[in-house]
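Summary of the model geometry
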Amino acid sequence: MAKRSLGMDVLTAARQRIRRIFNDFPVVYVSFSGGKDSGVLLELAANEARARGRRLGVLIVDLEAQYQLTEDYLRQMLRRHQDVIDVYWVALPMNLRNAVSQFQPQWTAWEPGLEDAWVRPRPPEAIGDETFFDFYERGMEFEDFVPKFGDWYSRQNGGRMTACLVGIRSQESLNRYRTIASTRKQRHDGLAWTTMITARSFNAYPIYDWRTEDIWTFYGRERVPYNQVYDRMHQAGLTLHQMRLCQPYGDDQKRGLWLYQLIEPHTWGMVAARVQGAEFGARTAREIGNVSGRIKVTKPDDITWEQFAQNLLASMPAPTADHFRTKIAVFIRWHQKNNGYTDGVILDEGPLDKSTPSWKRIVKMILSYDYWCKEFAMAPPKSKNSYEAYKKRMKIKREEWGLRGTL
């Protein structure tokens, strides 16, 4: 999908989109993370709500492992707009990826019984009561919680149509660009920057076409508060495009683990102790710029790439190894059906491109601990329950494909 000029600056366009959402939806809320993008969006939406005499909901999903500076900024913005906002600061146990350990591939934020190990105390104003939301289940994942919150919020407001303003930008990643550009999604009144989530709720992305430079130009010209952690990141040598905020142990986020040691040493001690592998992940990222296997892949001279892959799988905890074996089986099966590998044999060593299946590519995926196999164009499950159903289904499929024994 080609980009087209709108004939106006991005700030004017964003304000027009937010006005359109307030015109069309009687219930509006903002997903606020404390990052630079959602900070811009909250500022713009709160100003629009104030001008209309409307209320604006604010959803904060607090995933525990974050900078104290971020918590300080959240409170600063909530005080700034307290006259027009209704806040839902959620700090409930949720399952998250831990991409720095094979022994603990997931961790649970705000896990009951581990209060002494939490990175931060639960904010006193946050929702920690597991009975507060009728849809909540302990251990549910962020991606499952957020759309259900939108439907719940609509019901709390008489079942009226509800819009969630989300501060994602297409420049940030290919996946975010696809979220905006997809022609398969249902939209509100044909608006490309909206997505239908449930029968009563839509997501809207008013700043989807902003560049990183536009974000910081807004903060500079409008003189509004921003998260001071970005100043610390800049002092640590990061560029504008490298500065990101998210839970620190994820597949991509783990590369920024080392920053905690520089930015908030007092927080780093708790971050390092919170999950298995965090200290190793931070050290590796600091010393070689990534976590295992993303630049150069080598093997012992006396074995094949397939043997090397099998050795790596054998060294893993059984649940983790079986997870990867299933993903590898899906990878091989896809190439059997689509690329003519009818005998099931893929190359041992081949180019590391997207079209050529090889055991070397599989080794690269394992060494980089690409848990959801994004390297193979696979995606995480929508929820914990869907993943459990997927595992049961794939156990049967691997038998049908004849790939159970070899993997």
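Scope of this entry: the structure provided in the associated data block. Note that the coordinates shown come from a computational prediction; the quantities given were computed from them, not determined experimentally.

Calculation notes
- Residues numbered from 1 in each chain as written.
- Predicted model: local features only at pLDDT ≥ 70, side-chain atom pairs only at ≥ 80, totals over all residues.
- Heavy atoms only, no water.
- Helix = DSSP H or I, 4+ residues; strand = E, 2+ residues; numbered from the N terminus.
- Buried < 20%, exposed > 50% of the residue type's maximum accessible area, 1.4 Å probe, protein only.
- Contact = heavy atoms within 4.5 Å.
- Areas by Shrake-Rupley, 256 points an atom, 1.4 Å probe, with all protein chains shown as cover.
- Salt bridge = Lys/Arg side-chain N within 4 Å of Asp/Glu carboxyl O.
- Pairing = 2+ DSSP bridges.
- Phe/Tyr/Trp six-rings, centres within 6.5 Å; stacked < 30°, edge-to-face > 60°.

Turning our attention to the overall build of the chain. A count of helical and extended segments in the chain gives 14 helices and eight strands. Going through the 407 residues of the chain one by one, you find that 52% of them count as buried. For the chain, contacts bridging at least 24 residues in sequence account for 69% of all contacts bridging at least 6. Roughly 19,500 Å² of accessible area belongs to the chain as shown, and the carbon and sulfur atoms make up 49% of that amount.

Turning our eyes to something else, we now look at helix H13 (residues 359–367). Most of H13 is tucked away: eight of the nine residues are buried. Turning to H13, its buried residues are Trp-359, Lys-360, Arg-361, Ile-362, Val-363, Lys-364, Met-365 and Ile-366.

This next bit is on the side chain of Asp-37. Its place among the elements puts Asp-37 in helix H2 (residues 36–52). For Asp-37, a relative accessible area of 7% gives the class buried.

Under the definition given, this model contains 22 salt bridges. When the shortest N-O distance is used, the salt bridge between Arg-52 and Glu-48 registers 2.6 Å. On the criterion of helical spacing, the pair formed by Arg-52 and Glu-48 is a turn pair, its members being four residues apart in helix H2. By relative accessible area, Glu-48 is classed as buried at 14%. Linking Glu-388 and Lys-391 is a salt bridge whose minimum nitrogen-to-oxygen distance equals 3.5 Å. Separated by three residues within a single helix, Glu-388 and Lys-391 lie in helix H14 (residues 384–401), roughly one turn from each other. A single network of salt bridges, built from pairs that share partners, joins Asp-62, Glu-71, Arg-75, Arg-120 and Glu-125.

A few words now on the pairing of strand S6 (residues 162–165). Every second residue of S6 is oriented toward a common face, with Thr-162 and Cys-164 on one face and Ala-163 and Leu-165 on the other, all of them buried. Here four bridges tie strand S1 (residues 27–31) to S6, and the two strands are oriented parallel to one another. Counted as the bridge partner of Tyr-29 is Cys-164 from S6. Sheet topology note: the S6/strand S8 (residues 201–204) ladder contains four bridges and is parallel. Counted as the bridge partner of Leu-165 is Ala-204 from S8.

Attention now moves to unusual backbone geometry. You will see that Glu-64, though not glycine, has its phi angle at about 75°, which is positive. Mapped onto the elements, Glu-64 comes out in the loop between strand S2 (56–61) and helix H3 (68–80). Of the residues examined, Glu-64 reaches a relative accessible area of 0% and is grouped as buried. In this structure, Arg-223 takes a positive phi of about 55° despite not being glycine. For Arg-223, the position within the fold is in the loop between helix H6 (212–222) and helix H7 (229–235).

For the structure on display, the rule yields 26 aromatic pairs. Between Tyr-219 and Tyr-226, the aromatic rings sit 5.7 Å apart at their centres with planes inclined by 55°, giving tilted as the arrangement. For Tyr-226, a relative accessible area of 22% corresponds to the partly exposed category. Pairwise contacts between aromatic rings join Tyr-29, Tyr-88, Phe-132, Phe-133, Phe-135, Phe-145, Phe-149, Trp-152 and Tyr-153 into one cluster.

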